[in-house]
Amino acid sequence: MTERRWDRTVRDQLALGRLLPLAGAAGGAWLTESAAAAALRRTGEGVSGAGLGKVAFTAAEEGSTAADAGFPAPGTARPPGPVVLTATCGVHARGTLTEVTDALRTVLAETAREGLGLDVAAVDLRVAELLDEEPEPSPREEEPSGRDADDGEPGRDGEEAAVGRAVLAVPGVAGLARRFGPGGRAVRLGTAASGARAVRVELTASGARPLPETVAGVREAAAGVLGAGTEVAVLVTGWR
């Protein structure tokens, strides 16, 4: 790998942010901080008079060690355990400032816990700016870092390609992705410590349904190709 390509890879990984574990997702399921922020920002746009700014996640308490899985937790993954969602916002208050911030805090908490499946212990919302005008929805930007895999991966065969096609048919999956790691693949096959087959799938989610349901669907689809008992890890690195 050339120095220029390596530098770009490092920048891309930093743009993704750390990986957040989905609560109760046995076998490993993670969501990048950048994807989580995109989902929360989109939801926050539905709160009148509020404009969501920076979003960050910090550990609420010391995390536990992740259980062994076919694919171990990536190095940038936070350990399992509750997190605190910290966000800044701008407010153009037609009502009281408290009404707007309370509404935004409630929406963020519900989206993070139920929509994204994150173990959020608290939402720390800070007003950073008083707006003169009602905030406009932010344009949807391309997810930072890397590339989406060719959705259909035409012309390819083998088990990895078959898993990819099965995953693309799952509601809530917007596409396969290969943003994580240099020379990454959307689907990686492996072997668990127990000797069982293992696979890791990287994808972009659409938000069409709660992320835990999408992850469950991806696991079912992958196991349908590779066989029952396959350990399926899911890495969500993009949000559309």
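Here's what I pulled together on the structure shown here. (Residues numbered from 1 in each chain as written. Predicted model: local features only at pLDDT ≥ 70, side-chain atom pairs only at ≥ 80, totals over all residues. Heavy atoms only, no water.)

### Considering the side chain of Thr101
Checked against the element boundaries, Thr101 lands in helix H3 (residues 97-115). Given a relative accessible area of 9%, Thr101 falls into the buried group. Once residues within four sequence positions are removed from consideration, Thr101 is found in contact with Val91, Leu125 and Val127. (Helix = DSSP H or I, 4+ residues; strand = E, 2+ residues; numbered from the N terminus. Buried < 20%, exposed > 50% of the residue type's maximum accessible area, 1.4 Å probe, protein only. Contact = heavy atoms within 4.5 Å.)

### So, the nonpolar core
Leu31, Leu40, Phe57, Leu85 and Leu203 are the most contacted members of the largest nonpolar core, which totals 51 residues. Discounting chain neighbours no more than four positions away, the residues touching Leu203 are Val167, Val173, Gly175, Leu176, Ala177, Val218, Val234, Leu235, Val236, Thr237 and Gly238. Ala77, Phe180, Ala192 and Ala233 belong to the second-largest nonpolar core, a separate cluster that totals 10 residues. (Core = buried A, V, L, I, M, F, W, Y, C linked by side-chain atoms within 4.5 Å.)

### Describing the environment of Gly238
By secondary structure assignment, the location of Gly238 is in strand S9 (residues 231-239). Judged by relative accessible area, which is 0%, Gly238 ranks as buried. Along the chain, Gly238 and Thr204 lie 34 residues apart, while their C-alpha atoms are 4.2 Å from each other.

### Quick look at the sheet that holds strand S5 (residues 120-130)
With mixed pairing, the 3 strands of this open sheet are ordered in space as S3-S4-S5. Each end of this open sheet is capped by a strand with a single partner; those strands are strand S3 (50-59) and S5. The mean inter-strand angle of the sheet, taken between neighbouring strand axes irrespective of direction, is 20°. Bridge count between S3 and strand S4 (residues 83-91): 8 bridges; the pairing is antiparallel. Opposite Val55, over in S4, you have Ala87 as the bridge partner. Against the sheet, helix H2 (residues 33-44) makes contact with S3 and S4, and its axis sits at roughly 145° relative to S3, the strand it touches most. The strands that H3 touches are S3, S4 and S5; relative to S5, the one it contacts most, it runs at about 140°. (Pairing = 2+ DSSP bridges. Axes fitted to C-alpha atoms, helices over the stretch in contact; angles between N-to-C directions.)

### Considerations on the pattern of salt bridges
Within this structure, the stated rule accounts for 5 salt bridges. Across the pair Arg78 and Glu33 runs a salt bridge whose closest N-O atoms are separated by 3.7 Å. Taken together, the residues Arg78 in the loop between S3 and S4 and Glu33 in helix H2 connect sequence positions 45 residues apart. The closest approach of N and O atoms between Asp102 and Arg105, which form a salt bridge, is 3.1 Å. Taken together, the residues span about one helical turn, with Asp102 and Arg105 both in helix H3 at a distance of 3 residues. (Salt bridge = Lys/Arg side-chain N within 4 Å of Asp/Glu carboxyl O.)

Purely geometric stuff here, so don't read any function into it on its own.
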